[in-house]
Amino acid sequence: MTNPRDIKIEDYSYDLPADFIAHHPLPDRDASRLLVYKKGNISEDKFSQIADLLPENSLVIFNNTKVINARLKFQKDSGAAIEIFCLEPAEQGLSYEQVMQTTGNIRLRAFIGGAAKWKDGWLEKPLRLHENEILLQARILEKETDHYIVELQWTPGHYIFADVIEAAGEVPLPPYIKRNAEPEDRSRYQTIYAAHDGSVAAPTAGLHFTPAVLDSLAGKNISTDYVTLHVGAGTFKPVSASTMSQHEMHAEFIDVELQVLEKIAAHAGEVAAVGTTSLRTLETLYWLGLKISSLGANENIELGQWEIYDEETENQMPVKESLQALVEWLKKNNKERLFAKTRLLIVPGYKFRVCHMLITNFHQPKSTLLLLVAAAVGEDWKKIYAYALENNFRFLSYGDSSLLFMAES
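What you are looking at is a predicted structure, and each value in this text was computed from that prediction instead of being measured. (Residues numbered from 1 in each chain as written. Predicted model: local features only at pLDDT ≥ 70, side-chain atom pairs only at ≥ 80, totals over all residues. Heavy atoms only, no water.)

Student: How should I be thinking about the packing of aromatic side chains in this particular structure?
Tutor: Each aromatic ring pair is described using two quantities: the centre-to-centre distance and the angle formed by the ring planes. Evaluation of the coordinates by the stated rule reveals 22 aromatic pairs. Residues Y385 and F395 carry aromatic rings whose centres are separated by 6.0 Å and whose planes lie at 70° to one another, so their mutual orientation is edge-to-face. With Y385 in helix α9 (residues 380-390) and F395 in the loop between α9 and β18 (401-405), the pair connects residues that are ten residues apart, well separated along the chain. The burial state of Y385 is the same as that of F395; both residues are buried. Among the aromatic residues, those joined into a cluster by ring pairs are Y12, Y14, F20, F362, W381, Y385, Y387, F393 and F395. Here the basic side chain of K143 rests over the ring of Y148, its NZ or CZ set 5.2 Å away from the ring centre. (Phe/Tyr/Trp six-rings, centres within 6.5 Å; stacked < 30°, edge-to-face > 60°. Helix = DSSP H or I, 4+ residues; strand = E, 2+ residues; numbered from the N terminus. Buried < 20%, exposed > 50% of the residue type's maximum accessible area, 1.4 Å probe, protein only. Lys NZ or Arg CZ within 6 Å of the ring centre and 35° of its normal.)

Here you go:
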């Protein structure tokens, strides 16, 4: 097996014509086409029928993060336009729940459009919130390698950040959707089960689910539950390095309730992850359980980019045992939920521990998401993407979907 660090991103590229990129969602969420890959075979169906394609007694895990209106647009007195794309809290150790409940002011990591026109000083943006006038202000505190640290403050200061950004911001459509956000994006670039504010990009595999589809899963005795991974802008970051050894995987925060972890640990059937974010969360849980078993853990546990590849992984503990170790650690520390950070990079050669199936959209060339798909299905990723292109599937966030059975399942 190729050392993961030596993987060449050029080997995971394909030609994606611009007109294959979906710039708007279909009128009905579950009307999308569904490519099905199983044991080397490719077939097609409608997403509305996905319950018929999943094994009975399987467990489907969703990411219930909620997209925030992360694009804040300001205008200087000179007329220059400045855009602040909010990424994540600058302070370590804060959960997103705490961040969203913050009042008065907050410090964030952010991209800035038009930064050269904004040397210093405060920018101001008047708003209306709950029929009241408020003033949102922003200033740059410092520049880091590829982003800025920005302070936001608002008056009156008793409003929480969740309400302020909802009123002040715009839907953060990904950069490959070449249009401004429209009113329908506020609902359609959000899953129907979104619950916890924090993402700056949607977990797009979940955009296809409707109440009817969820009911059809229950009717087939397919269990469902939710984890939370707040999607960062790094999910769109192309791999610009020639080999993965030079690529820095973005960190994302996961939040999993104890009862959900117990359910996953006890589940006897196959597990399907809805989207790459759910999959990375589930696989991270295995490695965190293993880490706790062997090393113990402190309050802030996290998983690095390469550490799982730096250890011997052939004879690791069984999945249930690892997840149970995580359950016991939470109980011992009187925790009702796991809050951790993951930089897990899943590339070809990775052996999946928790997941057996992946429901996902079609991803950009030379992306870590495409590497993850290739890890799931092997070299057949080329056959899958060739089929999708030859048969006019819609690509990326608002595009069609696929159900991929892991190569070893």
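Picking up where we left off.
Student: I would appreciate a short explanation of the sheet that holds strand β1 (residues 33-38) in the present structure.
Tutor: Across a sheet, paired strands are connected by hydrogen bonds in the backbone, their directions being either parallel or antiparallel. Strands sit in the order β2-β1-β18-β17-β14-β3-β12-β13-β16-β15 across an open sheet of ten strands; the sheet is mixed. Every other strand in the sheet has two partners, leaving β2 (41-46) and β15 (302-303) as the edge strands with one partner each. Two strands pair when backbone bridges link them, and strand β17 (residues 357-361) and β18 are joined in this way by five bridges, in the antiparallel orientation. Within the sheet, the bridge partner assigned to T360 lies in β18 and is S402. Across the sheet, helix α6 (residues 276-295) is in contact with β3 (59-63), β12 (223-230), β13 (252-257), β14 (271-274), β15, β16 (337-342) and β17; its angle to β13 comes to roughly 75°. (Pairing = 2+ DSSP bridges. Contact = heavy atoms within 4.5 Å. Axes fitted to C-alpha atoms, helices over the stretch in contact; angles between N-to-C directions.)

Student: Mind showing me how you'd approach the pairing of strand β5 (residues 71-75) here?
Tutor: Residues in a regular strand project their side chains so that they alternate between the two faces of the sheet. Alignment of β5 against strand β6 (residues 81-89), held across five bridges, turns out to be antiparallel. When the sheet's bridge partners are listed, F74 is paired in β6 with I82. The antiparallel hairpin formed by β5 and β6 contains five residues in its connecting segment, where G79 sits at a positive phi of about 100°.

Student: Is there a simple way to explain the layout of surface pockets in this structure?
Tutor: One water molecule sets the probe size; rolling that probe over the atoms shows where empty space is left. Estimates place the volume of the largest pocket at around 790 Å³. Lining the largest pocket are 31 residues, with L87, F111, D146, G234 and H250 sitting closest to its centre. Elements with a minimum of two residues in the lining of the largest pocket: β6, β7 (105-113) and β13. Examining the composition of the lining of the largest pocket, we find that three residues originate from one element, β6, more than from any other. (1 Å grid on protein atoms, 1.4 Å probe; cavity = no way out; pocket = protein on both sides within 12 Å on 5 of 7 lines; lining within 4 Å. Points joined across faces, edges and corners; volume = space filled by probe spheres on them.)

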